[in-house]
Amino acid sequence: MKRIFITFVAGLLAVGSARAEVLTLEQCRQMALENNKAIRMASAEKQAAYYQRKSAFTNYLPKISAAGGYMFTSDEISLLNDEQKQTLPHIGDGISASAQQLGAALAANPQLAPLLQGLQAPMGAAVKGLQTQLNGVGQSLVDALTTDTRNAAAITLQLTQPIYMGGKIIAYNKIAKLAEQAADDKMEMARRQALVEVDETYWQIVALTAKKELAESYLKLVNELDANVNAMIQEGVATRADGLSVKIKANQAEVAVIQVNNGLSLLKMLLCQLIGLEESTQLTLADENMLDNIMAETNSYASDESWRQNRPELRALGRSAEVFHQKERLALSETMPTVALTGGYSWITPGLFNGFENKFRGLWNVGVVVKVPILTWGDRVYKVKAARANTQVARLKLEETTEKIQLQIAQSRNTLEESRSRLVACESARTVADENLRMATLGMNEGVIPVINVNEAQTAWLSARSELIAAQIDLKLAHVHLQSALGLIK
């Protein structure tokens, strides 16, 4: 059972160590860029701006649209009234009656009666034929004028080509292009912010790891002193007060170790969140024991004006000012006439091109549309002035931001130099504290220095080394912040 338990524990330790990941700063940066949600959102906004620019370009091209409609009405449009519709199909009946009256009048004359007897049959047939023909003409006229407009439909295919829009289309395209470039700047700002956050968290973990080792070393040192003092108390060369003071320091050292472990755990959880790993992932950083090389890795950088091109914030603000300038042109275009060429083809039923026809007939059209603003009560002029004021605000904001960045760069340079000086001073203080502790411990062992002096020397040793770690990491972070201010973080 003992062997099985040992094997099980060893397996757990092997699994735990296999899950631990050793990451360099560059690996953390790359993982952060791949998993940062702000960068993803900025990338999506850039894609949207790209399609908006494509959409704006289509305003140069002719637009073709189709429209159709159908309508049913309860009554048709009639060009004849009801009486005419009844009369026209019987228009020949009047001729027949007139012919009969004429024949009766002629038959009453004795001299013409013999002649009419021979002509009665042919004339009757002729009148009957004329009656039928006239009735047919009347009926065809009624049929021709029956419109049947209860079912009406139309289909139109229309083309519109802008010729002159007062500069509106050009301004829209420039704004869309600037918006796409601004979206690219926003994504670059999100990338750099993610890198700064990763760098800060990475080096804070390195510093806290060093402080953890320091706290554990101090705890070990105090425990050794506690054991020595207890032995001295037994021999009668130290007092119980000395033992209690050392015991207090030992308790404080244990609390400090717990606090450092908790802080380190939280920082590693934060780093896991930034780089897209599970918060429970065990991390080990490649630079955890590289703090002593920080001085050689940093520099002050030349004092030049390249930061004006390197900072995406300034580029974005410059483009914002240009966007407002183009909005001035948009407002100004509202005061200009517009000209567009139109053309199309339409199909209509019922048609009126060859009388009334209940079938689709087509026709084409070409025209020019001109729109000239005449009276707007100053509305467009006010819009132009408002756009100019907004442009001035954007330019002033660019100037203000430029001045703030200049101040940020100057402060970052001063902080870097101060951190260098502080690091040199802390290294000297550490050397002195190490020597003092060595001498105090030696003196206590020889019985010429009291325990309280050793206790104070240990506290000073802890403080000096803690200050050195803080100075080292402050120098590294000052380097990161200066890079960020100069726009060199990529």
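Rules of the game
- Along every chain, residues carry numbers that run from 1 in the direction the sequence is written.
- Restriction of local features to residues with pLDDT of at least 70 applies here, the model being predicted, together with a cutoff of 80 or more for giving and counting side-chain atom pairs; totals for whole chains, interfaces and linings are based on all residues.
- Each side-chain value is worked out from all heavy atoms of the structure, with water and hydrogens disregarded.
- Three exposure classes are used, based on accessible area relative to the maximum for each residue type with a 1.4 Å probe and protein chains only: buried under 20%, partly exposed in between, and exposed over 50%.
- Secondary structure elements are taken from DSSP: a helix is a run of H or I of four residues or more, a strand is a run of E of two residues or more, and numbering for both begins at the N terminus.
- We call two residues contacting when some pair of their heavy atoms lies within 4.5 Å.
- For salt bridges, the criterion is a side-chain nitrogen of Lys or Arg within 4 Å of an Asp or Glu carboxyl oxygen.
- Any two strands are treated as partners once DSSP identifies two or more bridges connecting them.
- Working convention: axes come from line fits to C-alpha atoms, limited for helices to the stretch in contact. Angles between N-to-C directions cover 0 to 180 degrees.
- Whether two aromatic rings pair depends on their centres lying within 6.5 Å, for rings of Phe, Tyr and Trp, where Trp uses its six-membered ring; planes under 30 degrees apart make the pair stacked, over 60 edge-to-face, and the rest tilted.
- To qualify as a nonpolar core, a set must consist of buried Ala, Val, Leu, Ile, Met, Phe, Trp, Tyr and Cys residues joined through side-chain atoms within 4.5 Å.
- In predicted models, pLDDT denotes the confidence assigned by the predictor to each residue on a 0 to 100 scale.
- Each angle gets one of four labels, with under 35 degrees taken as roughly parallel, over 145 as roughly antiparallel, 65 to 115 as roughly perpendicular, and the rest as oblique.
- Handedness of a crossing is defined here by the sense of rotation of the near helix relative to the far one, left-handed for an anticlockwise turn of less than a right angle and right-handed for a clockwise turn.
- Put simply, Ala, Val, Leu, Ile, Met, Phe, Trp, Tyr, Cys and Pro go in the nonpolar bin, Asp, Glu, Lys and Arg in the charged bin, and everything else, Gly too, in the polar bin.
- Working rule for helices: expected span equals 1.5 Å times residues minus one.

Draft legend 1. Here's a closer look at helix α2 (residues 25-35). Buried within α2 are the following residues: Leu25, Cys28, Arg29, Met31, Ala32 and Leu33. The secondary structure elements touched by the buried residues of α2 are β1 (21-23), α3 (37-57), α7 (168-235) and α8 (240-275).

Draft legend 2. Representation of the pattern of salt bridges. Taken as a whole, this structure holds 21 salt bridges when the rule is applied. Notably, a salt bridge pairs Arg53 with Glu180, separated by 2.4 Å at the nearest N-O pair. Taken together, the residues span a long stretch of sequence, with Arg53 in helix α3 and Glu180 in helix α7 at a distance of 127 residues. Overall, Glu180 belongs to the buried group, its relative accessible area being 15%. Ionic pairing is found between Lys404 and Glu400, a salt bridge with its closest N-O pair at 3.8 Å. On the criterion of helical spacing, the pair formed by Lys404 and Glu400 is a turn pair, its members being 4 residues apart in helix α12 (residues 379-446). Take Lys404: its relative accessible area is 54%, and that puts it in the exposed class. If you follow the salt bridges from partner to partner, you end up with Glu26, Arg29 and Asp199 in one network.

Draft legend 3. Spotlight on the sheet that holds strand β6 (residues 361-371). Spatially, the 4 strands line up as an open sheet ordered β2-β3-β5-β6, and their pairing is antiparallel. If you trace the sheet from one side to the other, it starts and ends with β2 (63-72) and β6, each paired once. The average angle at which neighbouring strand axes cross in this sheet is 20 degrees, direction not considered.

Draft legend 4. Spotlight on the environment of Ala241. If you trace the backbone, Ala241 turns up in helix α8. Along the sequence, Ala241 and Ile452 sit 211 residues apart, while their C-alpha atoms lie 9.6 Å from each other.

Draft legend 5. Main features of the side chain of Lys268. Within the secondary structure, Lys268 sits in helix α8. Overall, Lys268 belongs to the buried group, its relative accessible area being 19%. The residues touching Lys268, leaving out its near neighbours within four places in the chain, are Ile205, Leu283 and Glu288.

Draft legend 6. Looking closely at unusual backbone geometry. For the bond from Thr349 to Pro350, the omega torsion is -5 degrees, close enough to zero to count as cis. Within the secondary structure, Pro350 sits in the loop between β5 (338-349) and β6. For Trp377, which is not glycine, the phi dihedral falls at a positive 60 degrees. Topologically, Trp377 is positioned in the loop between β6 and α12. According to the relative accessible area criterion, Trp377 is exposed, its value standing at 73%.

Draft legend 7. Broad picture of the packing of aromatic side chains. Taken as a whole and assessed by the stated rule, the structure comprises 4 aromatic pairs. Ring centres of Tyr50 and Tyr51 lie 5.2 Å apart, and the angle between their planes is 70 degrees; on these two criteria the pair is classed as edge-to-face. Exposure remark for Tyr50: the relative accessible area of 31% places this residue in the partly exposed category.

Draft legend 8. Quick peek at the nonpolar core. Membership of the largest hydrophobic core comes to 56 residues, with the highest contact counts inside it found for Cys28, Tyr202, Trp203, Leu271, Ile275 and Val451. Within the residue set of this core, elements represented by two or more residues are α2, α3, α7, α8, β4 (283-285), α12 and α13 (451-486). Once you skip the residues sitting within four places of it in the chain, Ile275 turns out to touch Leu23, Cys28, Met31, Ala32 and Asn35. One finds Trp307, Ile405, Leu468 and Leu482 within the second-largest nonpolar core, a separate group that totals 14 residues.

Draft legend 9. Quick peek at the environment of Ser265. Along the chain, Ser265 falls in helix α8. In this structure the C-alpha to C-alpha distance between Ser265 and Leu283, which are 18 residues apart in sequence, comes to 9.8 Å.

Draft legend 10. Structural context of the confidence of the model for the protein chain. Overall, the prediction assigns the protein chain a mean pLDDT of 84, with 83% of residues at 70 or greater. Scored below 50 in pLDDT, residues 1-18 makes 0 contacts in the model with residues more than four places away or belonging to other chains.

Draft legend 11. A look at the pairing of β2. Of all 10 residues in β2, 0 are buried, a share of ten percent or less. Relative to strand β3 (residues 151-164), β2 is paired through 10 bridges, and the arrangement is antiparallel. Paired with Gly68 across the strands is Ile155, a residue of β3.

Draft legend 12. Highlighting the packing of α7 against helix α11 (residues 312-333). α11 packs onto α7 with a crossing angle of 160 degrees between their chain directions and a minimal axis gap of 9 Å. One finds that α7 runs roughly antiparallel with respect to α11. With respect to the hand of their crossing, α7 and α11 are arranged in left-handed fashion. For the contact of α7 with α11, the residue count by class is 11 nonpolar, 3 polar and 11 charged.

Draft legend 13. Molecular detail of α3. Between its first and last C-alpha atoms α3 spans 31 Å; for 21 residues at 1.5 Å apiece the expected length is 30 Å, and the two agree. Those residues of α3 hidden inside the fold are in contact with α2 and α7.

Draft legend 14. Representation of the packing of α12 against α13. Contact pair α12 / α13: the axes reach a minimum separation of 7 Å and the direction vectors enclose 160 degrees. When the axis of α12 is compared with that of α13, the two are roughly antiparallel. Classified by chirality, the crossing of α13 by α12 is left-handed. Residues of the contact of α12 with α13, tallied by class, amount to 24 nonpolar, 11 polar and 9 charged.

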